[in-house]
Amino acid sequence: MKRIKLFVGLFVFCLLLFPGVKVKAATEVSDEASLRSAVEQGGDITLVSDITLTEPLVIDKDVSMSCPDSNCSIDNDANEELIIVNGANVEMSGISLYAGEYVDYVRQGGKALTVNGGSVKLRNDNRNEIESGDTAVIVNNGANVSLSYPMIYSNQNGIEVNDGAVVNIEGGVDGCNLLSIFGVKNAIYLNGGTVNLSGPIHFGTSDTGYTIYMNKGVNTATNGDTLVFKDNFVFSYHEDTTFSFNIYVNPNINELRVADEKDFLILKDNKLNIGYCSSSYAKCSSQSEEDREAVCKDLGGNYNGTIDSNELKSCTTVYINDEKTVIDEESCKTEEPAQVVTVPSTFLSNMYYVVIGVVLVIIAVFIIYMIVSKKKAKK
């Protein structure tokens, strides 16, 4: 055994010394030009400083970007997209994304991250942020995006999940603060994609916005669930400010599919009823009342009851964990089709068909007569 270990050790050592074997180190970048060049080559990229872009950064090769101290940023001052991923596999760690012009402490315009296919994993360490004057994160074309410990702020939608896409969101606790997703219009906008929620997440929106807006009731690619609460998911909102937590389901949809490992969701009085936890950033106190309340206690939150969605139309079919419920099935039964009435034939209509038949027979006899006459003439 010792000889084998010695042989393996010498073999590895020789490989390292062999000039044809090279270990490719991560490419260090410090400005826009070096970042673009590294992205074009693909592979591992290390940011050693903040970088400001003058135009959108398009990524179509597999890359992994990180920051040594988890405190770097990529930003722009223009009202346009910051980073666009087209079908690539991308990982980012410890990097904040800031899109749009910063005016009076508020960003105007700009989309931070647009994903058109592929896979993106983004981990925010050290309270890194995604901040945008427009929608912060847009996921399209069946892409799969994972956001760990997100801190997202947007003047429009925090996260927009379109047809067939899947977004996995993992929340976390930083001291007394739950890491958060805030959107003035919607924190999360579900437009035919699926969002999986896990861990503790603090949501926020304006007093005219929605925390979760479900515009389409199913994932349009898989016909599966559009909203999934994982068993460790807890959500909260700012209860002592004008920010509010609410959920809105497009009342015109015919089918709504959700999954709930926590037993938070029930259908009651034509509404989706949701149990929840709430917590203020400024408070670490907790109270517990059994079961769900105990989960909130562990997170430094307060249990405050339930939230209802808007009223759904009576014929909406709702699936909670694949269990089917029609809100008002009696009123949705299809009406009996109108009976087909056969009108008796009249004498005139019968005469019409007789005349047509006689004419056809005469024509047939004439054609036969002409054929026979031609044959006789040839003989």
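Numbering of residues starts from 1 in every chain and runs along the sequence as written. For a predicted model such as this one, the threshold for reporting local features is a pLDDT of at least 70, and the threshold for listing and counting side-chain atom pairs is 80 or more; totals across whole chains, interfaces and linings nevertheless cover every residue. Neither water nor hydrogens contribute to the side-chain values; these are computed over all heavy atoms in the structure.

The subject of this paragraph is the side chain of S96. The helix and strand labels rest on DSSP assignments: H or I over at least four residues marks a helix, E over at least two residues marks a strand, and numbering proceeds from the N terminus. Along the chain, S96 falls in strand 9 (residues 95–99). For each residue, the accessible area found with a 1.4 Å probe, counting protein chains only, is set against the maximum for its type, and the residue is called buried under 20%, exposed over 50%, and partly exposed in between. Judged by relative accessible area, S96 falls into the buried class, the value being 5%. Of note is the side chain of S96, whose polar atom sits 2.9 Å from the backbone nitrogen of E129. In this description, contact between two residues means that some pair of their heavy atoms is separated by no more than 4.5 Å. Here S96 is in contact with C72, S73, I74, N128 and E129, once residues within four sequence places are set aside. Throughout this description, a polar contact denotes any pair of N or O atoms lying within 3.5 Å of each other; where both atoms belong to protein, one of them has to be capable of donating a hydrogen while the other can accept it, and for residues adjacent in sequence the pair is counted only when both atoms sit in side chains.

This part covers the sheet that holds strand 35 (residues 323–326). Paired through backbone hydrogen bonds, the strands of a sheet run either parallel or antiparallel to each other. Pairing between two strands requires that DSSP report at least two bridges joining them. Here we have 12 strands laid out as an open sheet, ordered 1-2-5-8-13-16-19-24-27-30-34-35, and mixed in their pairing. This sheet does not close on itself; its edge strands, each paired only once, are strand 1 (27–29) and strand 35. Shown here is a sheet whose adjacent strand axes are inclined to one another by a mean of 15 degrees, direction ignored. Bridge count between strand 13 (residues 119–123) and strand 16 (residues 144–148): five bridges; the pairing is parallel. Looking across to strand 16, one finds that S119 is bridged to N144. In this analysis, axes come from line fits to C-alpha atoms, helices being fitted only over the stretch in contact, and the angle between any two N-to-C directions falls in the range 0 to 180 degrees.

Criterion for a disulfide: a pair of cysteine sulfur atoms at a distance within 2.5 Å. For the structure shown, the criterion picks out one disulfide. One disulfide in the model links C67 with C72; its S-S distance is 2.0 Å. Since a negative S-S torsion denotes a left-handed disulfide, the C67-C72 link at about 55 degrees is right-handed. Take C67 and C72: they sit in the same class, and that class is buried.

Sheet architecture is open: eight strands sit in the order 4-7-12-15-18-23-26-29, paired in parallel fashion. Taken across any chain shown, the strands that pair with only one partner, and hence form the sheet edges, are strand 4 (57–59) and strand 29 (247–249). On average, each strand axis in the sheet is tilted by 10 degrees relative to the strand beside it, whichever way the strands run. Pairing analysis gives five bridges linking strand 18 (residues 157–162) to strand 23 (residues 186–191), with the strands arranged parallel. Paired with N162 across the two strands is N191, which belongs to strand 23.

This part takes up the pattern of salt bridges. For this document, the term salt bridge refers to a Lys or Arg side-chain nitrogen within 4 Å of an Asp or Glu carboxyl oxygen. All told, the structure shown has nine salt bridges when counted by the stated rule. Of the charged contacts, one joins E131 and R107 as a salt bridge, the two residues approaching to 3.2 Å between their closest N and O atoms. You can see E131 sitting in strand 14 (residues 130–132) and its partner R107 sitting in strand 11 (residues 106–108), a full 24 residues away along the chain. By relative accessible area, which is 16% here, E131 ends up buried. R107 gets classed as buried once you look at its relative accessible area, which sits at 12%. The residue K216 makes a salt bridge to D163 at a minimum N-O spacing of 3.0 Å. Placement of K216 in strand 26 (residues 210–216) and of D163 in the loop between strand 18 and strand 19 (166–170) is noted, with a sequence separation of 53 residues between them. Looking at K216, the relative accessible area reads 29%, which means it is partly exposed. When salt bridges that share partners are traced, they join D225, E255, R257 and D322 into one network.

Structural measurements only, silent on function.
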